[in-house]
Amino acid sequence: LNVRVETFFYDVSGGEDAFRKAIAALDPERMDGLIMAPVLGEACRELIGRLPPGMPLVFFDTFLPGVRPLTTIGQDSRQAGRVAARLMRLLLPEGGPVVVVRHLPTDCHLQERENGFMEGLEGDDRFAVVVETMDLTGPGPSLDARVRAMGARHPLLRGIFVTNANTFPYIPLAQNLGTAPRPVLVGFDLIAPNVAGLRSGAIDFLISQKPEQYGYLSVNSLYRHLLLRESVPEQQATAIEIVCRENLTFSGS
């Protein structure tokens, strides 16, 4: 179909400088459209400012306030947070202290997941919820050290909700905190270390985003817009899929 896709990778933990370095070779004049997950707001706005007026943008996974793309593809993040809260309530009928882990404070869809989780537990006096920020984009101790320090701050922890794919680093905390039964662990994404934790029973639930669907719908949306001249919906919602050990079909490495 005479469509060429070029992919630019960067390490989110490297922050906005890593993003800027990765896209340094990107030439807007050779592009007909741009697909991205704008998790690093300021750097993404700088990139959008370099684009020719009217170039179609497709956002997936998250959004950028004040920017109107051709379409945004992803879960209803707030609703996904509510689902996580429902799972936590089902697994902890007695309640207890729960930590919400925030890894990228500037990422809008992670904030929405957190908001949805808070709404899901609102008014339930059985739960005491604390938010812990683990921003990995700047200097500071390693994530392992921060996880251990978090465990020391919350020795009676009963549940952990991780708002992104960095769920597996909290497995040692859930296993070694010394409380019985171990804290409930709920997070996102079927990446290999998370899947291993799910299989072993160390992670209770993962909410899958079906990222392959994000990729397909993103390219298909630009194809329909640029080549077929069809209208594309402004929002394309994907399913909030709950995965546990019993229904796991992941076959990746």
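None of the values given here were measured: they were computed from a predicted structure. (Residues numbered from 1 in each chain as written. Predicted model: local features only at pLDDT ≥ 70, side-chain atom pairs only at ≥ 80, totals over all residues. Heavy atoms only, no water.)

Considerations on the nonpolar core
If you look at the biggest cluster of nonpolar residues, it comprises 20 residues, and the most contacted ones within it are Val 101, Met 150, Ile 160, Tyr 170, Leu 173 and Leu 185. Listing elements by their share of this core, those giving two or more residues are strand S4 (96–102), helix H5 (143–153), strand S6 (159–162), helix H6 (171–176) and helix H7 (192–200). Setting aside residues up to four positions removed in sequence, Leu 185 forms contacts with Ile 160, Val 162, Thr 167, Tyr 170, Ile 171, Ala 202, Ile 203, Asp 204 and Phe 205. (Core = buried A, V, L, I, M, F, W, Y, C linked by side-chain atoms within 4.5 Å. Buried < 20%, exposed > 50% of the residue type's maximum accessible area, 1.4 Å probe, protein only. Helix = DSSP H or I, 4+ residues; strand = E, 2+ residues; numbered from the N terminus. Contact = heavy atoms within 4.5 Å.)

Description of the pattern of salt bridges
All told, the structure shown has 17 salt bridges when counted by the stated rule. Across the pair Arg 78 and Glu 119 runs a salt bridge whose closest N-O atoms are separated by 2.3 Å. Remark: Glu 119 occurs in helix H4 (residues 108–121) and Arg 78 occurs in helix H3 (residues 77–91); sequence separation between them is 41 residues. Note on Arg 78: relative accessible area 23%, which makes it partly exposed. The exposure class assigned to Glu 119 is partly exposed, which follows from its relative accessible area of 31%. A network of salt bridges, in which partner residues are shared, links Glu 16, Asp 17, Arg 20 and Glu 46. (Salt bridge = Lys/Arg side-chain N within 4 Å of Asp/Glu carboxyl O.)

Some points on the sheet that holds strand S2 (residues 57–60)
Working definition: the strands of a sheet are paired by backbone hydrogen bonds and lie parallel or antiparallel to each other. Strand order across the open sheet formed by four strands is S1-S2-S3-S9, with parallel pairing between neighbours. Because the sheet does not close on itself, it has two edges, and the strands there are strand S1 (34–36) and strand S9 (235–237). Here the average twist between neighbouring strands, direction ignored, is 15°. Where S1 meets S2, three bridges bridge the pair, whose relative direction is parallel. Across the sheet, the residue bridging to Leu 34 is Leu 57, located in S2. Contacts from helix H2 (residues 41–49) reach S1 and S2, with the element oriented near 175° to S1. The sheet contacts of helix H8 (residues 211–226) involve S1, S2, strand S3 (71–74) and S9, and relative to S3 the element is tilted by about 165°. (Pairing = 2+ DSSP bridges. Axes fitted to C-alpha atoms, helices over the stretch in contact; angles between N-to-C directions.)

Structural notes on the packing of H3 against H4
Two elements in contact, H3 and H4, have axes separated by 6 Å at closest approach and are oriented at 40°. Of the possible angle classes, the one that applies to H3 and H4 is oblique. Our pair here, H3 against H4, has a crossing hand that is right-handed. In this structure, H3 contributes Ser 77, Arg 78, Gly 81, Arg 82, Ala 84, Ala 85, Met 88 and Arg 89 to the contact, and H4 contributes His 109, Glu 112, Arg 113, Asn 115, Gly 116, Phe 117, Glu 119, Gly 120 and Leu 121. Grouping the constituent residues of the contact of H3 with H4 by class yields five nonpolar, six polar and six charged. (Parallel < 35°, antiparallel > 145°, perpendicular 65-115°, else oblique. Left-handed = near helix turned anticlockwise from the far one by under 90°. Nonpolar A, V, L, I, M, F, W, Y, C, P; charged D, E, K, R; others polar.)

Quick look at the sheet that holds S4
Spatial ordering of the open sheet is given by S5-S4-S6-S7-S8-S10, a layout of six strands whose pairing is mixed. Of all strands in the sheet, those bounded by a partner on one side alone are strand S5 (127–133) and strand S10 (241–243). Neighbour to neighbour, the strand axes of the sheet diverge by 20° on average, direction disregarded. Where S6 and strand S7 (residues 184–188) come together, three bridges link them in parallel fashion. If you follow Phe 161 over to S7, its bridge partner there is Val 186. Here H3 sits on the sheet and contacts S4, S5, S6, S7, strand S8 (205–208) and S10; the angle it forms with S7, its principal contact strand, is near 160°.

What about the packing of helix H1 (residues 15–22) against H2?
Closest axis-to-axis distance for the H1/H2 pair is 8 Å, and the angle between their directions is 25°. What the angle tells us is that H1 and H2 run roughly parallel. For the pair H1 and H2, the crossing hand works out as right-handed. Note on element contacts: H2 touches H1 through Gly 41, Glu 42, Ala 43, Cys 44, Glu 46 and Leu 47, opposite Glu 16, Phe 19 and Arg 20. Partitioned by chemical class, the residues of the contact of H1 with H2 number four nonpolar, one polar and four charged.

Some details on a nonpolar patch on the surface
The grouping of Leu 1, Val 3, Val 5, Val 219, Leu 227 and Leu 228 at the surface amounts to a nonpolar patch, some 570 Å² of accessible area in total. Position of Val 5 relative to the elements: it lies in the segment before H1. (Patch = residues over 30% accessible without salt bridge, like charges linked within 9 Å, V, L, I, M, F, W, Y side chains within 5 Å. Areas by Shrake-Rupley, 256 points an atom, 1.4 Å probe, with all protein chains shown as cover.)

A look at unusual backbone geometry
One non-glycine residue, Asp 189, adopts positive backbone phi at about 80°. Relative to the helices and strands, Asp 189 is located in the loop between S7 and H7. A positive phi angle, close to 50°, is found at Lys 210, a residue other than glycine. Assignment of secondary structure puts Lys 210 in the loop between S8 and H8.

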